[in-house]
Amino acid sequence: MTQHPAPLKIGVAGAGVMGRNHARVASEIRDFDLTAVFDMDAVTAQGVAAAYGATGVSTIQAFLDSGLDAAIVATPNRTHADLSVALLEKGVHVLVEKPIAATVADAQRMIDAARANDRVLMVGQVERFNPAVEAVKRAIADEQVVSIQITRVGPFPPRMGEVGVVIDLAVHDIDIIRHLTGSEIVEVQPQLAATHGHREDTALLQFRLENGVIAHITTNWVTPYKTRTLQVATQNKFVVADLMTRQVTEYFGQQPDGSYSTRGVMSWPNEPLKKELEAFAHAIRTGETPAVTGEDGMRNLEVALRCLGEG
């Protein structure tokens, strides 16, 4: 039997909703040994750490001094860059939650630090690891894509403070569009509205990609129920996925009388966050390019900022 290498010591920075999820999943993956949890609030840090046998710390210095091999950065967006750069310069591999940073310049600093220190920088675009997205990608593999439509709507999340729907939600879909087409977004036509407060809580985003595909994202925090759907039209098929139930259906073979055939596409019941962390471990172990690179994160952010008129 081949001996498994010693687990990598991993820390989680930011013990909010996502950070707690990361701590739970990291503690279940045999490639990782959850060592430290950082949060500015010492009680929160210690509470989350205690649940998984890690040490809770409430200063960045203590986190940097925890002897980590790898870290997950799930702190507020504006803090991503400084913390990630400090970790990378200490020789720690970094998985940073989406969006990669608050500005493109910050994203570039992170990419440069990863390169200079020969460390993995991966961005937590978790929908890429959603089995339904993977199933759609398989279903359209040999097809010419015409258009993509994504709806990601729901009620206002109580945790949001600093950003609107474009940065919080649409960044997922910008990544899905780039991932499914293998092309870059060249034109953006955004329509934004702020119904409650000063941040946009409704966005209709239209894109044209370099390869001619057109895409549309509908996203908001004003729908009373959550919907996450992905529809891809190709020359020969129409593929529909529910990203929450993970049901994927393919419509094809339309006849002159308007009838057509349908088939369900298999999607596996994997937890996307677990697949993401396993991909992070794989990139560290093998030295292969991570599944979602710093450049991917930067391009997704660039498009989102262009939609906000800040790019």
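This text goes with the structure placed above it.
Residues numbered from 1 in each chain as written. Predicted model: local features only at pLDDT ≥ 70, side-chain atom pairs only at ≥ 80, totals over all residues. Heavy atoms only, no water.

**Observations regarding helix α4 (residues 80-89)**
Then, in step 1: Counting buried residues in α4 gives 7 out of 10 residues, a clear majority hidden from the surface.
Then, in step 2: Burial in α4 covers these residues: H80, A81, L83, S84, V85, L87 and L88.
Then, in step 3: Of the residues trailing α4, G91 is marked for its positive phi of about 85 degrees. (Buried < 20%, exposed > 50% of the residue type's maximum accessible area, 1.4 Å probe, protein only. Helix = DSSP H or I, 4+ residues; strand = E, 2+ residues; numbered from the N terminus.)

**As for the sheet that holds strand β9 (residues 202-209)**
Then, in step 1: Pairing is mixed across the open sheet formed by 8 strands, whose spatial order is β8-β9-β10-β7-β11-β12-β13-β14. Each having just a single partner strand, β8 (185-193) and β14 (261-265) make up the two edges of the open sheet. Strand-to-strand twist in this sheet, taken as the mean axis angle between neighbours without regard to direction, amounts to 15 degrees.
Then, in step 2: With 5 bridges connecting them, strand β13 (residues 248-252) and β14 associate as antiparallel partners. Residue pairing in the sheet places E250 in a bridge with R263 of β14.
Then, in step 3: Relative to strand β12 (residues 237-242), helix α6 (residues 131-139) is tilted by about 170 degrees, and along the sheet it contacts β11 (222-234), β12, β13 and β14.
Then, in step 4: Its contacts with the sheet put helix α9 (residues 294-307) on β8 and β9, and the angle it makes with β8 is roughly 45 degrees. (Pairing = 2+ DSSP bridges. Axes fitted to C-alpha atoms, helices over the stretch in contact; angles between N-to-C directions. Contact = heavy atoms within 4.5 Å.)

**Some remarks on the nonpolar core**
Then, in step 1: Ranked by internal contacts, the top residues of the largest apolar core, which has 98 residues, are F32, I148, F207 and L230.
Then, in step 2: It is helix α7 (residues 165-181) that contributes the most residues to this core, 10 residues altogether.
Then, in step 3: Setting aside residues no more than four positions away along its own chain, L230 makes contact with V133, V136, I148, Q149, I150, I176, L180, V239, V240, A241 and L243. (Core = buried A, V, L, I, M, F, W, Y, C linked by side-chain atoms within 4.5 Å.)

**Digging into the environment of T249**
Then, in step 1: With respect to the helices and strands, T249 occurs in strand β13.
Then, in step 2: Taking the C-alpha atoms as reference, T249 lies 5.7 Å from V239; in sequence the two are 10 residues apart.

**Some words on the pairing of β12**
The two faces of the sheet receive side chains in turn, since in a regular strand these alternate between them.
Then, in step 1: Residues K237, V239 and A241 point to one face of β12 and are all buried, whereas F238, V240 and D242, pointing to the other face, are not buried.
Then, in step 2: Pairing between β11 and β12: 5 bridges, direction antiparallel. The residue of β12 that forms the bridge with A233 is F238.
Then, in step 3: Hairpin remark: β11 followed by β12, antiparallel, with 2 residues in the connecting loop.
Then, in step 4: Sheet topology note: the β12/β13 ladder contains 5 bridges and is antiparallel. Bridge pairing links V240 to T249 in β13.
Then, in step 5: A loop of 5 residues connects β12 with β13, the two strands running antiparallel in sequence, and R246 in this loop sits at a positive phi of about 65 degrees.

**Brief notes about the packing of helix α1 (residues 17-28) against helix α8 (residues 272-286)**
Then, in step 1: Where α1 meets α8, the closest approach of the two axes is 10 Å, and the angle between their N-to-C directions is 65 degrees. Classed by the angle they form, the pair α1 and α8 counts as roughly perpendicular. Here α1 and α8 pass one another in a crossing that is right-handed. Contacts from M18, N21, H22, V25 and A26 in α1 reach L273, K274, E276 and L277 in α8.
Then, in step 2: Residues that form the contact of α1 with α8 fall into these classes: 5 nonpolar, 2 polar and 2 charged. (Parallel < 35°, antiparallel > 145°, perpendicular 65-115°, else oblique. Left-handed = near helix turned anticlockwise from the far one by under 90°. Nonpolar A, V, L, I, M, F, W, Y, C, P; charged D, E, K, R; others polar.)

**Digging into the packing of α4 against helix α5 (residues 104-116)**
Then, in step 1: In contact at an axis separation of 9 Å, α4 and α5 are set at 5 degrees when each is read in the N-to-C sense. Of the possible angle classes, the one that applies to α4 and α5 is roughly parallel. Contact residues: α4 offers H80, A81, D82, S84, V85 and L88, while α5 offers D106, R109, M110, A113 and A114.

**Quick word on the pattern of salt bridges**
Side chains that differ in sign of charge can pair as their charged atoms come close.
Then, in step 1: This model, assessed by the stated rule, comprises 19 salt bridges.
Then, in step 2: For E271, the salt bridge is made with R24, and the minimal N-O distance between the two is 2.9 Å. Note that E271 is positioned in the loop between β14 and α8 and R24 in helix α1, a separation of 247 residues in sequence.
Then, in step 3: Residue classification places E271 among the partly exposed residues on the basis of a relative accessible area of 31%. (Salt bridge = Lys/Arg side-chain N within 4 Å of Asp/Glu carboxyl O.)

**Remarks on the sheet that holds strand β1 (residues 8-13)**
Then, in step 1: Judged by pairing direction, the sheet is parallel, and its 6 strands sit side by side in the order β3-β2-β1-β4-β5-β6 without closing on themselves. Looking at which strands have only one partner, the edges of the open sheet turn out to be β3 (55-57) and β6 (121-124). Pairs of neighbouring strands in the sheet enclose a mean axial angle of 25 degrees, with direction left out of account.
Then, in step 2: Summarising the sheet, strand β5 (residues 93-97) and β6 pair through 4 bridges and their orientation is parallel. Within β6, the residue paired with V96 across the bridge is V123.

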